[in-house]
Amino acid sequence: MARKIDKYLEYGASTFFLLMLSFCLVAHWMACIFYLIATKYDKYEPHGWLQLLGRTVGEPYEIKNGTINPTSGPTLPSKYVSALYYTLTSLTTIGFGNIAPNTTAEKLFGCITMLLGGEIFFFLCVYEVTAGS
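Note that this is a predicted model, so its numbers are computed, not measured.

Reading the values: the criteria
- Residues numbered from 1 in each chain as written.
- Predicted model: local features only at pLDDT ≥ 70, side-chain atom pairs only at ≥ 80, totals over all residues.
- Heavy atoms only, no water.
- Helix = DSSP H or I, 4+ residues; strand = E, 2+ residues; numbered from the N terminus.
- Areas by Shrake-Rupley, 256 points an atom, 1.4 Å probe, with all protein chains shown as cover.
- Phe/Tyr/Trp six-rings, centres within 6.5 Å; stacked < 30°, edge-to-face > 60°.
- Buried < 20%, exposed > 50% of the residue type's maximum accessible area, 1.4 Å probe, protein only.
- Core = buried A, V, L, I, M, F, W, Y, C linked by side-chain atoms within 4.5 Å.
- Contact = heavy atoms within 4.5 Å.
- Patch = residues over 30% accessible without salt bridge, like charges linked within 9 Å, V, L, I, M, F, W, Y side chains within 5 Å.
- Salt bridge = Lys/Arg side-chain N within 4 Å of Asp/Glu carboxyl O.
- Axes fitted to C-alpha atoms, helices over the stretch in contact; angles between N-to-C directions.
- Parallel < 35°, antiparallel > 145°, perpendicular 65-115°, else oblique.
- Left-handed = near helix turned anticlockwise from the far one by under 90°.
- Nonpolar A, V, L, I, M, F, W, Y, C, P; charged D, E, K, R; others polar.
- Expected span 1.5 Å × (residues − 1).

J.: Even after reading the chapter, I still don't get the overall build of the chain, so can you show me in this structure?
T.: Scanning the chain from N- to C-terminus turns up 4 helices and 2 strands. Counting helices and strands in the order they occur from the N terminus, the chain gives α-α-β-β-α-α. For the chain, the computed accessible surface area is about 9,000 Å², with 70% contributed by carbon and sulfur atoms.

Below, the structure is given as structure tokens:
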């Protein structure tokens, strides 16, 4: 009996680790997409999350000749951590709201992120129920 319990715990821990690793990978991809939406699609919209982040942390973007200087503003690690923080709070359905989508594209991405987070939790619950039986 003890062997079977040890075997199940070993299998459960490795499965849990792989699921967490997969979740982190999905969160990373989503954070990169959230950043790309703000930079490439919205082109640093004045009310987008990147502009608000720059003003919040005291590192606003410089505007030269009517265009944004992408090398100004918050540091790249600060932008990545903020994007990752947003996706993790959305995927886990916590949603603090201190980093929020403001443009239409960001809001659509937010909807997709919330739906994906719900699906991930659903499948994890279904897996837990079927693995436990």
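The rest of the description comes next.
J.: In this structure, what is going on with unusual backbone geometry? I would like to understand it.
T.: Residues other than glycine predominantly adopt negative phi, and peptide bonds predominantly adopt the trans conformation. With a phi close to 55°, Asn-65 is a non-glycine residue in the positive phi region. As for its placement among the helices and strands, Asn-65 is situated in the loop between strand 1 (63–64) and strand 2 (67–68). Unlike most non-glycine residues, Thr-93 shows phi in positive territory, near 65°. Relative to the helices and strands, Thr-93 is located in the loop between helix 3 (76–91) and helix 4 (104–132).

J.: What should I look at first to understand the packing of aromatic side chains in this one?
T.: Two measures describe an aromatic ring pair: the distance that separates the ring centres and the angle between the ring planes. Counted under the stated rule, the structure contains 6 aromatic pairs. Taken together, a centroid distance of 5.2 Å and an interplanar angle of 55° make the contact between Tyr-44 and Tyr-61 tilted. With Tyr-44 in the loop between helix 1 (2–41) and helix 2 (49–56) and Tyr-61 in the loop between helix 2 and strand 1, this pair connects stretches of sequence that are 17 residues apart. Of the two residues, Tyr-44 and Tyr-61, both sit in the buried class. Ring-pair connections join several aromatic residues into one group, and the members of that group are Phe-34, Trp-49, Tyr-86 and Phe-109.

J.: Could you clarify how one ought to interpret the nonpolar core in this entry?
T.: Within soluble globular proteins, side chains that are nonpolar generally end up buried alongside one another. One finds Phe-34, Trp-49, Leu-50, Ala-83, Tyr-86, Ile-99 and Phe-109 to be the most contacted residues of the largest nonpolar core, which totals 15 residues. Put simply, the parts of the chain that give this core at least two residues each are helix 1, helix 2, helix 3 and helix 4. It is helix 1 that contributes the most residues to this core, 5 residues altogether. Among residues more than four places away in sequence, those in contact with Leu-50 are Tyr-35, Ala-38, Thr-39, Tyr-44, Tyr-61 and Lys-79.

J.: Got a minute to help me understand a nonpolar patch on the surface in this structure?
T.: On the surface, a cluster of nonpolar side chains totalling about 330 Å² of accessible area is made up of Phe-17, Leu-18 and Leu-21. By the element assignment, Phe-17 lies in helix 1.

J.: Looking at this structure, how should I read the packing of helix 2 against helix 3?
T.: How two helices sit against one another is set out by the angle between their axes and by the gap between those axes. At a minimum axis distance of 11 Å, the contact between helix 2 and helix 3 shows a crossing angle of 120°. As the angle between them shows, helix 2 and helix 3 are arranged oblique. For helix 2 against helix 3, the interelement crossing comes out right-handed. Residues Trp-49, Leu-50 and Leu-53 of helix 2 form the contact with helix 3, whose participating residues are Ser-78, Lys-79, Ser-82 and Ala-83. Looking at side-chain class alone, the contact of helix 2 with helix 3 contains 4 nonpolar, 2 polar and 1 charged residues.

J.: I would appreciate a short explanation of the environment of Gly-58 in the present structure.
T.: Along the chain, Gly-58 turns up in the loop between helix 2 and strand 1. The exposed category is assigned to Gly-58, whose relative accessible area is 57%. When the C-alpha positions of Gly-58 and Pro-74 are compared, they lie 8.2 Å apart, and in sequence the two are 16 residues distant.

J.: Help me understand helix 3, please; the structure alone is not making it clear to me.
T.: Between its first and last C-alpha, helix 3 extends 22 Å over 16 residues, near the 22 Å set by a 1.5 Å rise per residue. Those residues of helix 3 that fall on the buried side of the exposure criterion are Lys-79, Ser-82, Ala-83, Tyr-86, Thr-87, Thr-89, Ser-90 and Leu-91. Phi for Thr-93, located one or two positions after helix 3, is positive at around 65°.

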